[in-house]
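Results of the structural survey
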Amino acid sequence: MRTTAVVAGGGYAGVLAANRLAAAARPGLDVVLVNPGKRFVERIRLHEYTAGTRKDPTVTFESVLHPAIRQVRDAAVRIHAADRTVQLAGGGQLPYDYLVYAVGSGAARVPEGALAIEQLEGATAARTELEALAPGEHVAVVGGGLTAIETAVEIARGYPQLRVSLHASSVPGPHLGAPARQGLERSLRRASVDLHTGTSVSAIGDVRASLDAAVVLWSAGFGVPDLAAVSGLPVDDAGRLRVDPALRVPGADRIYGAGDAAVITGSGYAYLRMSCAAAMPMGADAATNILRSLDGRPAVLHDSGFGGQCVSLGRSDGMVQFVAADDTPLRLHLHGRTAAVLKEIICRMTLRWIRSEAKRSGAYTWLKGPSTTREAAAAAMDSAART
Ligand SMILES: Cc1cc2nc3c(=O)[nH]c(=O)nc-3n(C[C@H](O)[C@H](O)[C@H](O)COP(=O)(O)OP(=O)(O)OC[C@H]3O[C@@H](n4cnc5c(N)ncnc54)[C@H](O)[C@@H]3O)c2cc1C
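All of these numbers come straight from a predicted model, not from anything done at the bench. (Residues numbered from 1 in each chain as written. Predicted model: local features only at pLDDT ≥ 70, side-chain atom pairs only at ≥ 80, totals over all residues. Heavy atoms only, no water.)

1. Focus: the domain arrangement of the protein
By domain assignment, the protein separates into domain 1 (1-37 + 73-105 + 224-300) and domain 2 (114-221). Distance between the C-alpha centres of domain 1 and domain 2: 33 Å. (Domains from an automatic or database assignment.)

Here you go:
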C-alpha cells in the first residue's frame with residue numbers, strides 16, 4: 001500500500017521537509033509539494049532584489065528539490081483533517097496520509113499607500129517604483145526590525161541619489177545588545193539613512209502623504225496565511241498553527257507544522273523567532289518524525305537554537321550579533337566588511353543545506369536549543385502521554 005506525504009508550502013521549511021522525506025527513499029512513500037509559485041524564492045534576499053543590487057532572488061525548484069518529489073503548482077485553500085484531504089485553489093483535492101504545514105509568512109497588515117517587500121510580488125512592485133524615482137525623491141521604510149534596517153540601507157546604497165528614511169517606533173534592532181545597536185546606528189548614518197525613532201507611524205489614510213514620501217515600504221513584522229484558522233485547526237493569536245514539541249498538531253497528529261506559519265506551544269519555545277534559521281530545522285524535524293512514525297518509532301522533540309543574528313547593510317557592510325541558543329545577545333559582535341562576508345556566506349549556505357538534504361536524507365544539521373527547553377518539552381510530552 002502506498003503512503004502520501006503532502007508538503008504545503010515550498011519555502012525553506014517545506015523544501016527541507018520534502019527533501020528529507022524523498023531522499024529517505026522509503027518504498028511506497030510518495031512526496032508531493034504544493035506551492036503556488038513556479039520558482040523557489042530566497043526570501044532572505046528580497047531586500048537586495050528590491051534595491052536592484054540582486055537581479056533574481058529565485059532559483060528553479062528542480063535545482064533544490066529531490067527529483068522524486070511531485071510538484072503541484074497550486075495553493076492549499078482548506079485542510080480537511082477529518083478525511084485527510086487538502087482542497088486546492090484550482091479546484092482539486094489532494095489526499096494525504098501525512099501533511100506538513102509550511103505556508104510561511106508575508107508582511108503583517110500593510111496600510112494604504114505602502115508596499116511590503118516580504119514576498120516576491122511586493123518586492124517586484126517596490127523595485128519597479130524605485131527604478132522610476134527621480135533623484136532627490138524620498139523613500140520611507142517603516143519598521144525597526146532587521147528586515148526594515150536591511151531594506152533601508154540596501155536602498156540607500158543601491159540608490160545614493162534618493163533620500164531614504166527609517167521610521168522605528170522604538171530603537172532599530174531593539175533586541176540586540178547595546179554595543180551592536182550603536183554600531184548599527186553608525187552604519188545607518190554612514191549610508192545616509194535618516195533615522196526617526198520613538199514615534200509610531202499612523203496607518204490611517206495614505207501613508208505616503210503622512211510621511212511625505214514617494215514610496216513607503218511597510219516592514220513592521222510578519223503575518224501568516226489564515227489557512228490553518230479557516231480549516232478549523234488550532235492557532236495562536238497571530239494565526240500560526242499550534243504544534244506540540246514533536247511538531248504535531250494535537251488532535252490531528254498526522255499534521256505537522258514547520259517554519260513561520262507554525263508555533264510550538266509551551267513557553268519553552270518562545271525564543272524561536274520567525275526566521276529561516278528556525279524554519280529549516282523545523283522542516284527537517286517534521287520530516288524526521290513522519291519517517292519515524294512510518295517506522296513505528298517514537299518522535300523526536302524539536303531542539304534548535306540560534307548562533308547569531310546576521311544583518312547585511314548594503315553589499316560591503318554588515319553586523320553580526322552573536323547570541324546564546326535562546327537568541328539572547330552575547331557580548332561578541334562584528335561589524336563592517338567581515339560581517340558582510342559572513343552574512344553572504346550564510347545566505348549561500350542555506351541553499352547548499354537544502355540541496356545537501358536532497359542528496360542525503362539527514363545531511364542537514366543545526367545548533368541545539370537551550371537545555372531548559374529540552375527538559376521542559378520532555379516533561380510536557382510525558383505529562384500529555386499520561387493524561
Ligand atoms: C528581506 C528579508 C530578509 C530576511 N533575512 C533573514 C535572515 O537573514 N535570516 C533569517 O533567518 N531569516 C530571514 N528572513 C525571514 C525568512 O525569510 C523567513 O522566516 C523564512 O522565509 C520562513 O521560511 P518558511 O519556509 O516558513 O516560509 P516561506 O519562506 O515564506 O515559504 C512559504 C512558502 O509557502 C507558500 N505558500 C503560501 N501559502 C500557501 C498555500 N496556501 N498553499 C501552498 N503554498 C503556500 C509560499 O508561496 C512560499 O513559497 C528574512 C525575510 C525577509 C523578507
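2. Some remarks on the environment of Ile264
Mapped onto the fold, Ile264 is located in strand 20 (residues 262-264). Contact partners of Ile264, with chain neighbours within four places excluded, come to Val243, Asp244, Pro245, Leu247, Tyr269, Leu272, Met282 and His302. (Helix = DSSP H or I, 4+ residues; strand = E, 2+ residues; numbered from the N terminus. Contact = heavy atoms within 4.5 Å.)

3. Looking at the nonpolar core
Across soluble globular proteins, nonpolar side chains show a tendency to be buried alongside one another. Membership of the largest hydrophobic core comes to 68 residues, with the highest contact counts inside it found for Leu21, Phe40, Val64 and Ile255. Broken down by element, the residue count for this core peaks at 10 residues, all from helix 8 (residues 276-295). Grouped together as the second largest cluster of nonpolar side chains are 33 residues, Tyr49, Leu133, Ile155 and Met319 included. (Core = buried A, V, L, I, M, F, W, Y, C linked by side-chain atoms within 4.5 Å. Buried < 20%, exposed > 50% of the residue type's maximum accessible area, 1.4 Å probe, protein only.)

4. Observations concerning the site of the ligand
In the vicinity of the ligand lie 29 residues, with Ala13, Asn35, Arg43, Ala76 and Lys343 positioned nearest. Contact distances for the ligand include 2.8 Å between an oxygen atom and a backbone N or O atom of Ala13. Across the complex, the protein chains shield 87% of the 1,000 Å² of accessible surface that the ligand would expose by itself. If you list the elements that add at least two residues to the shell around the ligand, you get helix 1 (12-23), helix 4 (146-158) and helix 8. Counting residues per element, the shell around the ligand draws most heavily on helix 8, which supplies three residues. Each residue belonging to the shell around the ligand can be placed in one class, and the counts come to 14 nonpolar, 10 polar and five charged. Each of domain 1 (1-37 + 73-105 + 224-300) and domain 2 (114-221) accounts for three or more of the residues forming the shell around the ligand. (Near = heavy atom within 4 Å. Polar contact = N/O pair within 3.5 Å; in protein donor to acceptor, adjacent residues only side chain to side chain. Areas by Shrake-Rupley, 256 points an atom, 1.4 Å probe, with all protein chains shown as cover. Nonpolar A, V, L, I, M, F, W, Y, C, P; charged D, E, K, R; others polar.)

5. Comments concerning the sheet that holds strand 21 (residues 308-312)
The three strands lie next to each other as 21-22-23, forming an open sheet whose pairing is antiparallel. The open sheet has two free edges, formed respectively by strand 21 and strand 23 (329-335), since each of these has just one partner strand. Going from strand to strand, the sheet's axes swing by 15 degrees on average, the running direction of each strand aside. Direction of pairing for strand 22 (residues 318-323) relative to strand 23: antiparallel, over a ladder of four bridges. Residue pairing for strand 23: Gln321 is matched across the bridge by His333. Packed onto the sheet, helix 5 (residues 178-190) meets strand 21, strand 22 and strand 23 and runs at close to 25 degrees relative to strand 23. (Pairing = 2+ DSSP bridges. Axes fitted to C-alpha atoms, helices over the stretch in contact; angles between N-to-C directions.)

6. Things to note about the pattern of salt bridges
For the structure shown, the criterion picks out 23 salt bridges. A salt bridge links Glu48 to Arg315; the shortest N-O distance between them is 3.6 Å. One end of the pair, Glu48, is in helix 2 (residues 46-50); the other, Arg315, is in the loop between strand 21 and strand 22, and 267 residues separate them in sequence. Residue classification places Glu48 among the buried residues on the basis of a relative accessible area of 3%. Look at Arg315 and you get partly exposed, because its relative accessible area is 39%. The salt bridge partner of Arg273 is Asp327, with a shortest N-O separation of 2.7 Å. Of this pair, Arg273 sits in the loop between strand 20 and helix 8 while Asp327 sits in the loop between strand 22 and strand 23, and the two are 54 residues apart along the sequence. The exposure class assigned to Arg273 is partly exposed, which follows from its relative accessible area of 27%. (Salt bridge = Lys/Arg side-chain N within 4 Å of Asp/Glu carboxyl O.)

7. Focus: the sheet that holds strand 2 (residues 29-34)
Across the sheet, which stays open at both edges, the six strands sit in the order 5-2-1-9-19-18 with mixed pairing between neighbours. Two strands in the sheet have a free side with no partner beyond their single neighbour: strand 5 (70-72) and strand 18 (248-249). Sitting on the sheet, helix 1 is in contact with strand 1 (3-8), strand 2 and strand 9 (98-101), with an inclination near 165 degrees to strand 2.

8. Overview of helix 4
Given a rise of 1.5 Å per residue, 13 residues ought to cover 18 Å, and the 18 Å separating the end C-alpha atoms of helix 4 matches this to within 8%. Along helix 4, 10 of the 13 residues are buried, which leaves the element largely enclosed by surrounding structure. (Expected span 1.5 Å × (residues − 1).)

9. Here's the deal with the packing of aromatic side chains
By the definition in use, this model includes six aromatic pairs. Measuring from centroid to centroid gives 6.2 Å for Phe40 and Phe61, while their planes differ by 80 degrees, and the two rings are edge-to-face. Here Phe40, found in strand 3 (residues 39-41), pairs with Phe61, found in the loop between strand 4 (58-60) and strand 5; they are 21 residues apart in sequence, far enough to count as distant. Taking relative accessible area as the criterion, Phe40 reaches 0% and is therefore assigned buried. Judged by centre distance (5.8 Å) and plane angle (50 degrees), the rings of Trp353 and Tyr364 are tilted. Of the two residues, Trp353 is situated in helix 9 (residues 337-359) and Tyr364 in the loop between helix 9 and helix 10 (371-386); the sequence distance between them amounts to 11 residues. Cluster of aromatic residues (ring-pair linked, three or more members): Tyr12, Phe40 and Phe61. (Phe/Tyr/Trp six-rings, centres within 6.5 Å; stacked < 30°, edge-to-face > 60°.)

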